[in-house]
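Coordinate inspection notes
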Amino acid sequence: MPWLTGFPRKEVPWFPTIDAKKCVGCGMCMNCGKNVYDWVEGKAVVARPYDCAVGCSTCAALCQGKAISFPEVGPVRAIYVREKIWTKVKEQLVEQSKIPSQEGE
Ligand code: SF4
Ligand code: SF4
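Note that the structure is predicted; figures quoted are calculated from it, not measured.

1. Remarks on the site of ligand 2
Lining the immediate environment of ligand 2, one finds 13 residues, of which Cys23, Cys26, Gly27, Cys29 and Cys63 sit closest. For ligand 2, the cavity whose grid points lie within 2 Å of the majority of its atoms is the largest cavity.

Encoded structure:
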């Protein structure tokens, strides 16, 4: 998948944080497809933060305790601009025939 087009994942500040006091142990975050969480003593913990998909916030949306938060998206978008990641991702999507090379083709 293109996503960061080679830019180091650990330089992108996007990962979940759990407020342990709010966690009600519902387990919904354990459904994360990226296996970011571990289950420890009846609650979830963030075990692999940089495996989180940049921009995803599904677990926060479904968290019954509203215990999961993410950093501000502004700095992430600034990296995308600075590193031309949007342009590179689009080029790769065209190469993979997932989108046409130009609108209306
Ligand atoms: S935001 Fe998405 S990828 Fe990241 S931990 Fe939550 S469900 Fe997993
Ligand atoms: S989804 Fe929220 S409340 Fe449920 S286990 Fe995960 S952090 Fe705790």
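2. Considering helix α2 (residues 74–82)
Taken residue by residue, α2 has Val76, Ile79 and Tyr80 as its buried positions. One side of α2 holds all its buried residues, which, seen down the axis, span an arc of 100 degrees. Exposed and oriented more than 90 degrees from the buried face of α2 are Val81 and Arg82. Residues of α2 that are buried in the fold lie against α3 (85–95). Of the residues one or two after α2, lysine 84 is the one with positive phi, at around 55 degrees.

3. Some remarks on the site of ligand 1
Near ligand 1, the surroundings consist of Pro16, Cys32, Lys34, Val36, Tyr37, Cys52, Ala53, Cys56, Ser57, Thr58, Cys59 and Phe70. If you map ligand 1 onto the pockets, it falls in the largest pocket.

What counts as what
- Residues numbered from 1 in each chain as written.
- Chains lettered and ligands numbered in written order.
- Predicted model: local features only at pLDDT ≥ 70, side-chain atom pairs only at ≥ 80, totals over all residues.
- Heavy atoms only, no water.
- Near = heavy atom within 4 Å.
- 1 Å grid on protein atoms, 1.4 Å probe; cavity = no way out; pocket = protein on both sides within 12 Å on 5 of 7 lines; lining within 4 Å.
- Sits in = over half its atoms within 2 Å of the grid points.
- Buried < 20%, exposed > 50% of the residue type's maximum accessible area, 1.4 Å probe, protein only.
- Helix = DSSP H or I, 4+ residues; strand = E, 2+ residues; numbered from the N terminus.
- Arc of directions from axis to C-beta.
- Contact = heavy atoms within 4.5 Å.

On their own, these measurements won't tell you what the molecule is for.
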